[in-house]
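Take a look at the letters that make up each chain.
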Amino acid sequence: MNLLIKASLITDPNSPFNNKTADVLIKNGVIASIGNITDADGVKEFDAAGAFLSPGFLDLNCNIGELGLETKEDIATGTAAAAAGGFTALALMPGTQPPVHSKAEVEYLLNRAKDNLVDVFPLGTISYKREGKDLAEMYDMYSSGAKAFTDGNRPVQDAGLMERALLYAQGFGAAVFSYPEDTAIAGKAKVNEGHISTMLGMKGIPPLAEELMIARDLYLAEYTNSRIHFSTISTERSVSLIREAKSKGIKVTCDVAAHHLVLTDEALLGFDSMYKVKPPLRTKADADALVSGLKDGTIDAIVSQHTPHEVEFKDVEFEIAEYGITGLQTALSLAVKAGLSAEIIVQAMAVNPRNILSVNTPVINEGERANLTLFSVKEEWTYTRESNLSKSYNSPYIGQNLTGKTLLTCNNNQLFKS
């Protein structure tokens, strides 16, 4: 890959060129020079005036059907959608069939993703078969390439199991991801508990279900002196609990799904199953608190929570529809819509996710491999079924005009151009 990116604003807190407008010359997938470049004969040029050049994004919460659920999404289509959304790396949730609960599944996924523009980091399960009873083969999976452990969208209800997982993972430096929900409190409800659920005539999931589990796991992390990461927090009180824990020195990080920054439970008034997600859409106060949490550093990362489904699982009555939306191609636009600056977006989508996974963070500097995302926060585009590269299209944003677009994605000597 040989390319001259002209006049981009470099946005990389680890780069000596941070906040500088410069040309970036890439030769054979490596950044050859940065500056005012006028003598790059024979190299394609891309006018990046007004756009931001950052390290490639990494998504900490991506569901791809492979293994076993390839009709929802496979590695090829999932990574194509990721590249279109500016992601050069994906942390894959383990909720496949079978789950990623042994080194065999980890090695299969790594082998399938070889030589791809998008790097893949399989996440292993905490418990065998995600049943919440016995620890999975965590060290074997870590040795084969699993960077962190989670039961995906199944919360670990057994406090003793979570404590053992934290202690065990601490021994070899891996992270444990907690999906915070107390199922005894949440029950079988489908939406947020509040005046909207009352208007809809549906049982609600109270914020308490999430906050109780966060409080429990914060105590466990403090007691074991272990790292804990919370996936897709969604309530105002959750932000406060984590902010307080960080001030006490507890080793905690967290992420938020992009759609929770801009959508509220009022979107459900039409019973549109495209808006059915887990955790459920909350209130305007919750959404505002999540945005504030990103701005003050309480929330570390923005994730897509990409959850593809075949049409027969979403185009049905709200009550029986599956949870989740496809989010890889819209995460950047939703972050822009939430009013976040380019600097916060880069920190939350490129830098912090790699720190959480303990993987190398790309740096925009001469001699470094080109692992880059070029994006605009002002360019408008329409998300259509034709521009959707995922195998599934269960997104409420299909057919909508969005602001904030990925222009180029570069990694592994490969280039995606929108």
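Our subject in this report is the structure included herewith. Quantities reported herein were computed from a predicted structural model and do not represent experimental measurements.

About the cut-offs
- Residues numbered from 1 in each chain as written.
- Predicted model: local features only at pLDDT ≥ 70, side-chain atom pairs only at ≥ 80, totals over all residues.
- Heavy atoms only, no water.
- Salt bridge = Lys/Arg side-chain N within 4 Å of Asp/Glu carboxyl O.
- Helix = DSSP H or I, 4+ residues; strand = E, 2+ residues; numbered from the N terminus.
- Buried < 20%, exposed > 50% of the residue type's maximum accessible area, 1.4 Å probe, protein only.
- Pairing = 2+ DSSP bridges.
- Axes fitted to C-alpha atoms, helices over the stretch in contact; angles between N-to-C directions.
- Contact = heavy atoms within 4.5 Å.
- Right-handed = clockwise from strand over helix to strand, strands pointing away.
- Phe/Tyr/Trp six-rings, centres within 6.5 Å; stacked < 30°, edge-to-face > 60°.
- Polar contact = N/O pair within 3.5 Å; in protein donor to acceptor, adjacent residues only side chain to side chain.
- Expected span 1.5 Å × (residues − 1).

Let us now look at the pattern of salt bridges. Per the counting criterion, the structure on display carries 12 salt bridges. With a closest N to O distance of 2.9 Å, Asp74 and Lys391 form a salt bridge. One end of the pair, Asp74, is in the loop between β6 (57-62) and α1 (75-84); the other, Lys391, is in the loop between β16 (372-383) and β17 (400-411), with 317 residues separating them in the sequence. Judged by relative accessible area, which is 16%, Asp74 ranks as buried.

The next subject is the sheet that holds β6. Spatial ordering of the open sheet is given by β6-β7-β8, a layout of 3 strands whose pairing is parallel. Unpaired on one side and paired on the other, β6 and β8 (119-122) mark the two borders of the sheet. Strand after strand, the sheet turns through a mean of 20 degrees between neighbouring axes, direction not considered. Where strand β7 (residues 87-92) meets β8, 4 bridges bridge the pair, whose relative direction is parallel. Following the sheet pairing, Ala89 is matched in β8 by Asp119.

Turning our attention to the environment of Gly293. Tracing the backbone through its elements, the reader meets Gly293 in helix α10 (residues 284-295). The buried category is assigned to Gly293, whose relative accessible area is 0%. Once the C-alpha coordinates of Gly293 and Ser247 are considered, the two residues, 46 residues apart in sequence, prove to be 14 Å apart. Dropping the residues within four chain positions of it, Gly293 is found in contact with Val239, Arg243, Thr298 and Ile299.

The next point concerns the pairing of strand β14 (residues 252-257). The buried fraction of β14 amounts to 5 of the 6 residues, a majority that puts the element mostly inside the structure. Direction of pairing for strand β13 (residues 228-230) relative to β14: parallel, over a ladder of 3 bridges. When the sheet's bridge partners are listed, His229 is paired in β14 with Thr253. Viewed along the sheet, the connection from β13 through helix α8 (residues 236-247) into β14 turns out right-handed. Pairing geometry for β14 and strand β15 (residues 301-303), over 3 bridges, is parallel. If you follow Val256 over to β15, its bridge partner there is Ile302.

Below, the discussion takes up the packing of aromatic side chains. For the structure on display, the rule yields 9 aromatic pairs. Note on Phe57 and Phe87: the rings are 5.9 Å apart at their centroids and 70 degrees apart in plane angle, and the pair reads as edge-to-face. With Phe57 in strand β6 and Phe87 in strand β7, the pair connects residues that are 30 residues apart, well separated along the chain. You can call Phe57 buried: its relative accessible area is 0%. On the basis of an interplanar angle of 40 degrees and a centroid distance of 4.8 Å, the ring pair of Tyr142 and Phe172 is categorised as tilted. Residue Tyr142 is located in helix α3 (residues 138-144), and its partner Phe172 is located in the loop between α4 (159-170) and β10 (175-178); the two are separated by 30 residues in the primary sequence. Classification of Tyr142 by relative accessible area gives partly exposed; the value is 29%. Judged by its relative accessible area of 14%, Phe172 is buried. In textbook terms, an aromatic cluster arises when at least three aromatic residues are bridged by ring pairs, as seen for Tyr139, Tyr142, Phe149, Tyr168 and Phe172.

Time to look at the side chain of Thr125. Here Thr125 is to be found in the loop between β8 and α3. A polar contact of 3.0 Å, which involves the side chain of Thr125, links it to the backbone oxygen of Ser127. Residue contacts for Thr125: discarding those within four places in its chain leaves Pro94, Pro99, Val100, His101, Arg130, Ala136, Met138, Met141, Phe149, Thr150 and Asp151.

Before going further, it helps to examine the sheet that holds strand β9 (residues 148-149). Spatial ordering of the open sheet is given by β9-β10-β13-β14-β15, a layout of 5 strands whose pairing is parallel. Single-partner strands in this sheet number two, and they are β9 and β15. Each of β13 and β14 touches α8; the most contacted strand, β14, lies at about 155 degrees to it.

Attention now goes to helix α7 (residues 207-224). Helical geometry: 3.6 residues make up each α-helical turn, so side chains three or four residues apart lie on a common side. Over its 18 residues, α7 extends 26 Å from the first C-alpha to the last, a length consistent with the 26 Å expected when each residue adds 1.5 Å. Of the positions making up α7, those classed as buried are Ala209, Glu210, Glu211, Met213, Ile214, Arg216, Asp217, Leu218, Leu220, Ala221 and Thr224. Taken from the residues just after α7, Asn225 is the one with a positive phi, measuring 55 degrees.

Right, let's talk about the side chain of Ser127 for a bit. Mapped onto the elements, Ser127 comes out in the loop between β8 and α3. Once residues lying within four places of it in the same chain are set aside, the contact partners of Ser127 are His101, Gly132, Lys133, Asp134, Leu135, Ala136, Asp151 and Leu161.

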